[in-house]
Amino acid sequence: MEFVQELADELRELLNPNAPEDARLVQKGLMLYRQGMVSQLQVAESGIQATVQDVAAVKVLLDPQFLGLSECSCPADELCRHQLAVFFAAYAQVGSVGDWVTEWREPIREKKSVVAWGLQKAKDLVKANGLLKPDYGRWVDSFEKSFDALLATKKYTNPFVVPELFGIYRRRLQASAPLEAEWRLLYELVATVVSFRKLAVLSEQMGHGEDAVHRSYGHLFESLVEEAEDLIEKIGMQTLPFDFDEFIVGLKDEVFALLAVVPGLVHHRVELYRELWSGLFRKTAWREAELERVLARLRTVTDEENPLPLVLAGIHLNVLLGEDEKALKSLDWIEDEVAVPYMVYWIEYLSGLKVWKRAGRYIDLFLHKLKGYLDSEVFVGGFQGRAGVVRTVLRVISPYVSENGRMDVYERAMQCSLPYSYAEYEYFLFERRMYERWGELQALVGMEYQDLPRDRVKVIEKEQPEVLLGMLHQSAQQEIDQKNRASYRMAVRHLKKLRTLYKKLKRVDDWEYFLEGLLERTKRLRAFHEECARGKLIS
């Protein structure tokens, strides 16, 4: 039963033996299985079913194809001990449960055994870096050999082992850095970029999927990018060594290699590339030559390769070179859900330079693509996640809006982000006393009168009461359509408020005409008329 073995592999990757919660989960599931608490086991590729006798009997359904769709009648929301017990019972038909548990726990022993071995091995490989004259080729060679000795040679396959081993590797590199301050910073930057590349390649070689990387060592890539950004800033504040150019050439080649080194990790690779070309490689000639190299590489991309990092690198270089027409044309061709997150960086970059005319062009395209991004199926953040994106968008465009007095751009951003921008747009319109449009917004998003903020309603009722008429008419009709006594009472409350507003606006005739027509249309709704009489709307 191959599907059971695949499920075993998935659980081995999913559960971290170093995490106390996962360790307890496996231990409890194993105990239930070994105590014979699993019964009525049925193993099929479409689903593994069984009953587990715990404090109370529970029904379990394991989905071997999509583990996240598995079910258990216990209160747990995620993977539980009962599901583990059923898995062990099913796995016992194809292999040794004891062997599975031993193999799963292996990273704990690996971690303990490699610490002493790894520290000494790495020390031998890189100790010369702090003593000999700086040499780019020797640096990279020592980084690669040290990485391979610690993380690749022994072929560890569990992703949760990687952070521990990577930490040993990085500590050894830092301990062997040159003593001179200017060379030390450069050494650490080269180490960061090489380490990023080696770690990316390792994830590909080990077959670690995107979810496995994210859960176990995705934070390492984020930390490396942050370290590079910090080092670039520090290097920019000091006088560079005379023979720095050799290292620049090597580092540029290393960074270029990141664009095609693996299919995944696109965001992190592009982010690291941008940081180096924005903050360190500042010469126009360098950037022009790099752009030619990127375009040449794009022309040779095969069907098996992911061209997106190269495309984004080309856009970034065009932005740095002021070639906005070319950058915007390329961005326009990219799908909204892909382009929007990357455009945030370039808008912030141009705003930081205070080149407002250029920034405005990117903001126009950005807002044109924003709704497609928010509505895309690839977005997994739900309503709150999208609302958070909207707040980021408004923050990013705020400097441009403030410096250029373009509140129309700010409002456009909120309009194309609805309904996720409702809170910001509602506040925006109210604070500017644009009450009529405030009312239109409430109707657009389907807000009912009784749910409106009371403090807002009091102000508008005093200053521009006619804004509330449409919402009250709509809310009253919606309550009547419910056709029950409670909703009729709520409808009467709305109608009484309507009567008050019509009188305040000196439009009593309009009120009487409306009420007469309403009563005629609802003459069959006796309960509604009774509530109207009880509310003294009619005699």
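Each remark here, short or long, concerns the structure printed above.
Residues numbered from 1 in each chain as written. Predicted model: local features only at pLDDT ≥ 70, side-chain atom pairs only at ≥ 80, totals over all residues. Heavy atoms only, no water.

**Observations regarding the overall build of the protein chain**
Scanning the protein chain from N- to C-terminus turns up 25 helices and four strands. Based on the C-alpha atoms only, the size of the protein chain along its principal axes is roughly 100 × 70 × 40 Å. Taken over 539 residues, the protein chain has a buried fraction of 47%. Taking the contacts inside the protein chain whose residues are at least 6 apart along the sequence as the reference set, 64% of them involve residues at least 24 apart. For the protein chain, the accessible surface area stands at approximately 27,500 Å², while carbon and sulfur atoms represent 50% of it. (Helix = DSSP H or I, 4+ residues; strand = E, 2+ residues; numbered from the N terminus. Buried < 20%, exposed > 50% of the residue type's maximum accessible area, 1.4 Å probe, protein only. Contact = heavy atoms within 4.5 Å. Areas by Shrake-Rupley, 256 points an atom, 1.4 Å probe, with all protein chains shown as cover.)

**Quick look at the sheet that holds strand β3 (residues 57–62)**
The strand order across the open sheet built from four strands is β1-β2-β3-β4, with neighbouring strands paired in antiparallel fashion. Strands at the two margins of the open sheet, each flanked by one partner only, are β1 (38–44) and β4 (71–72). Looking at chain direction, β3 and β4 are connected through two bridges and run antiparallel. By the bridge assignment, Val60 is partnered in β4 with Cys72. (Pairing = 2+ DSSP bridges.)

**With respect to helix α15 (residues 336–353)**
Taking 1.5 Å of rise per residue, 18 residues should cover 26 Å, and α15 covers 25 Å from first to last C-alpha, within 8% of that figure. Helix geometry: α15 is bent most strongly at Tyr342, by close to 30°. The complete set of buried residues in α15 reads Ala339, Val340, Tyr342, Met343, Val344, Tyr345, Trp346, Ile347, Leu350 and Ser351. Buried-residue contacts for α15 involve α11 (266–279), α13 (308–320), α14 (324–333), α16 (356–375) and α17 (382–404). (Expected span 1.5 Å × (residues − 1). Bend = angle between axes of the 7 residues up to and from the residue.)

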